[in-house]
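An overview of the molecular structure
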Amino acid sequence: MSRKGTIGRKEEYTAFGMLVLFLFFFLVFKFYPLISTFAISFLDRNSLRNAASTTFVGFSNYRTVFTNEATLQAFGRTFLYSGMYTLFTMSTCLVLAMLLNKEFRGRTVVRTFFYMPYVTNLIAIGVVWNYLLNPYRGPVNRMLLALGIPEGRLPLWLGSNTSALATAAAIHTWVGLAFPVITLLAALQQIPRSLIEVSELEGATSFQRLRYIIIPFLRPTLIFVLTLTIINSFKTYTVIMALTEGGPGTATQVVSLQIYADAFKYFRLGVASAEGVILTIIIFIISLWVRRGDNDEA
Amino acid sequence: MMKRSHLLFTAVMWILGLLMIYPFVSMVVISLRPSGLVYKSIWYPVIPTLINYKKVVTHPNFLNWCINTLYVVIISIVFRLFVTLPAAYAFARLRFRFSGVLLALLMASLMVPSETTMVSRYFYYKTLHLFDTPWVIILPELSEVFYLLLMIQFFRLVPRELNEAASIDGSGHWRALVQIFIPLSTPAIATMVLFSFINIWNNFLDPYLFISSIERQLLTPALKFFQEHGGANIPVQLAGSAIAIIPIIILFVSTQKYFVEGISASGLKG
């Protein structure tokens, strides 16, 4: 078992034997669909039948994506959604983690409450939020009415063109908060107590403590959380299907729903695949760019 | 003075926590009402009724959906353990060429949302004759990289000395995996089983797209059909939702420790 030097043949064989099943399933069920999506994006496919004729059309599908009003708007909405989700999540998760890190009676139970939305079914969440946010009779607006907001100015939440996307992003944030909060809580507990105590002796304000001790210490974790939040912000299909199905009108028609519509409603399968490829490339670029911030410091 | 502010803080945290679960509370409360009283306040006194639950449970396919879901969840978890544990051991302990590149490639795949490949998978699953069978859900679950990373993280914590002791003993890596690593990682494996259960149970997109017969459907997409075809009967929809989330919440509350450990472990290493 030499640490350096050549890698043992036998060890490599064992490694291969242990990896082979996982790699097989990965290649067949994860990698191939990706390659195949890429391939279909260059074909002129317009039928769901397997034997349908396929002609190579070069970048024509990509041209369609970039010139079609509906697809461009879907990409615009996706960015807007992603930006809002990331903003909502990042602005709340550190504060919540710090609050939940403090001692108080019943902390374990309250933490459980915060984690609960994360494990529940998005479709069920869609049902209940549609009920709660019903613009005319739902409990949320009834409460706002009781607080004195005039009937004509009550928000329509998921029911209006202007607020549906933001409302969906907010509900998605509520669902996903547990992951960043738990991750940051774990990181907060790694901060040496002595560091905090010294800062208290030196008379640092809590803002200074946050700025000069906590945030620098949490930086790698914050970047990790940010990366995952951004990646998650693009996984929108189920959330939007559960909340609005793309409506009202096309107000929440994000790219993943556009892919579905192009594929299974309009049978423009090449265009749908091109949208998938573009979205994937965009996510890659953004994640790599965020990650780069990680390497700068290290 | 100190004490008072602490009391206030505790109260605020409890209020925030209760707000977080308010949707679930109202889901249960309203699902126990006749449909005429849905939009009355949550405090409005109503004699609870199970009629909405009865409507869900007596749906001709309800039992099918439950059995299908349990079948898919259990088979996926068992197979996933067989596929993932050895692979995680190889990455955590063995040295082989291209291991770093391979892991990086696997990790990159985490960035691809599954909805981007729905078209190619639709054709592909039809070609493989997986369409409309439980295997269309089970097989793609087996190589989820998230679980591989989780187990690598835990296996790296096992002291190397134990490997050396095992190799002096003359036993190979497979034996080390089965006799040392797996028994030492029961909490990690519990984490993996818990996450798998929750994620597969809640999966909507794949069964929605690739299972077409209503009697072969799983619970989560079936809930969506309930919403679409069940008319506007809100308490029935809420009862269906409650049925779908209550097993998960019970499982989660009773195993929360593993859940938190799992997320913490995946985060600390980044």
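Conventions used here
Residues numbered from 1 in each chain as written. Chains lettered and ligands numbered in written order. Predicted model: local features only at pLDDT ≥ 70, side-chain atom pairs only at ≥ 80, totals over all residues. Helix = DSSP H or I, 4+ residues; strand = E, 2+ residues; numbered from the N terminus. Rg over C-alpha atoms; globule rule 2.2 N^0.38 Å. Contact = placed C-beta atoms within 7 Å. Buried ≥ 20, exposed ≤ 12 C-beta atoms within 10 Å, placed from the backbone. Axes fitted to C-alpha atoms, helices over the stretch in contact; angles between N-to-C directions. Parallel < 35°, antiparallel > 145°, perpendicular 65-115°, else oblique. Left-handed = near helix turned anticlockwise from the far one by under 90°. Expected span 1.5 Å × (residues − 1). Bend = angle between axes of the 7 residues up to and from the residue. pLDDT = per-residue confidence, 0-100.

Some thoughts on the overall build of chain A
Of the regular secondary structure elements, chain A holds 13 helices and zero strands. The order of α-helices and β-strands along chain A, N terminus first, is α-α-α-α-α-α-α-α-α-α-α-α-α. What you see for chain A is a C-alpha radius of gyration of 24 Å, clearly larger than the 19 Å of a compact globule of 298 residues, by over 25%. Along the three orthogonal principal directions, the C-alpha set of chain A runs to about 75 × 75 × 30 Å. Here the contacts in chain A between residues at least 6 apart in sequence split such that 71% fall between residues at least 24 apart.

Considering the overall build of chain B
Secondary structure assignment for chain B yields 14 helices and zero strands. Listed by position from the N terminus, the elements making up chain B come as α-α-α-α-α-α-α-α-α-α-α-α-α-α. The C-alpha radius of gyration of chain B comes to 23 Å, more than 25% above the 18 Å expected for a compact globule of 270 residues. Across its three principal directions, the C-alpha atoms of chain B cover 75 × 70 × 30 Å. Taken over 270 residues, chain B has a buried fraction of 40%. Long-range contacts, defined as pairs at least 24 residues apart, comprise 76% of the intrachain contacts of chain B with a sequence gap of at least 6.

Overview of the environment of F131(B)
All names here are of chain B. Within the secondary structure layout, F131 lies in the loop between α5 (118-127) and α6 (135-141). The class of F131 is partly exposed, set by 18 C-beta atoms lying within 10 Å. In sequence terms F131 and L209 are 78 residues apart; their C-alpha atoms lie 9.4 Å from each other. Once you skip the residues sitting within four places of it in the chain, F131 turns out to touch Y125, K126, V136 and F210.

Structural notes on the interface of chain A and chain B
Contact residues are listed per partner, giving 70 residues for chain A and 75 residues for chain B. Secondary-structure elements contributing two or more residues to the side of chain A that touches chain B are α1 (9-40), α4 (107-119), α5 (122-132), α8 (178-188), α10 (206-233), α11 (237-243), α12 (255-264) and α13 (269-297) of chain A. Take the side of chain A that touches chain B: its biggest share by element is 18 residues, from α1(A).

Focus: the packing of helix α7 (residues 145-155) of chain B against helix α10 (residues 186-202) of chain B
All names here are of chain B. Running from N to C, α7 and α10 cross one another at 165°; their axes reach a closest spacing of 10 Å. On the basis of their axis angle, the class for α7 and α10 is roughly antiparallel. Our pair here, α7 against α10, has a crossing hand that is right-handed. Residues Y147, L150, M151 and F154 of α7 pack against A188, T191, M192 and S196 of α10.

Description of the environment of S185(B)
Residues and elements named next belong to chain B. As for its placement among the helices and strands, S185 is situated in the loop between α9 (173-184) and α10. For S185 and L157, which are 28 residues apart along the polypeptide, the C-alpha to C-alpha distance reads 9.5 Å. Apart from residues no more than four positions distant in its own chain, S185 is found in contact with F154 and F155.

Side note on unusual backbone geometry
All names here are of chain A. For the bond from G247 to P248, the omega torsion is -5°, close enough to zero to count as cis. Unlike most non-glycine residues, E245 shows phi in positive territory, near 55°. Mapped onto the elements, E245 comes out in the loop between α11 and α12. Residue E245 is classed as partly exposed on the basis of its 15 C-beta neighbours within 10 Å.

Points about helix α3 (residues 69-101) of chain A
End to end, α3(A) covers 48 Å across 33 residues, agreeing with the expected 48 Å (1.5 Å per residue, within 8%). The principal kink in α3(A), of about 25°, is found at C93(A).

As for the environment of V78(B)
Position of V78(B) among the secondary structure elements: in helix α3 (residues 62-93). Overall, the presence of 13 C-beta atoms within 10 Å leaves V78(B) in the partly exposed class.

With respect to the packing of α1(A) against α5(B)
It is the contact of α1(A) with α5(B), at a shortest axis distance of 8 Å, that shows an interaxial angle of 110°. Classified by the angle their axes make, α1(A) and α5(B) are roughly perpendicular. Where α1(A) approaches α5(B), its residues Y32(A), P33(A), S36(A), T37(A) and I40(A) are matched on the opposing element by V119(B), S120(B), R121(B) and Y124(B).

So, the confidence of the model for chain A
Overall, the predicted model of chain A reaches an average pLDDT of 88, with 94% of residues at or above 70. When the criterion is pLDDT under 50, residues 1-5 of chain A qualifies, and its contacts beyond four places in sequence or with other chains add up to two contacts.

A word on the confidence of the model for chain B
Looking at chain B as a whole, its pLDDT mean stands at 88, while 94% of the residues score no less than 70. Quick note on the complex model: pTM equals 0.90, ipTM equals 0.89.

Some details on α3(B)
Along an α-helix, a turn takes 3.6 residues, which lines up residues three or four apart on a common side. Between its terminal C-alpha atoms α3(B) stretches 46 Å, which fits the 46 Å expected from 32 residues at 1.5 Å a residue. The sharpest bend along α3(B) reaches about 25° and sits at L81(B).

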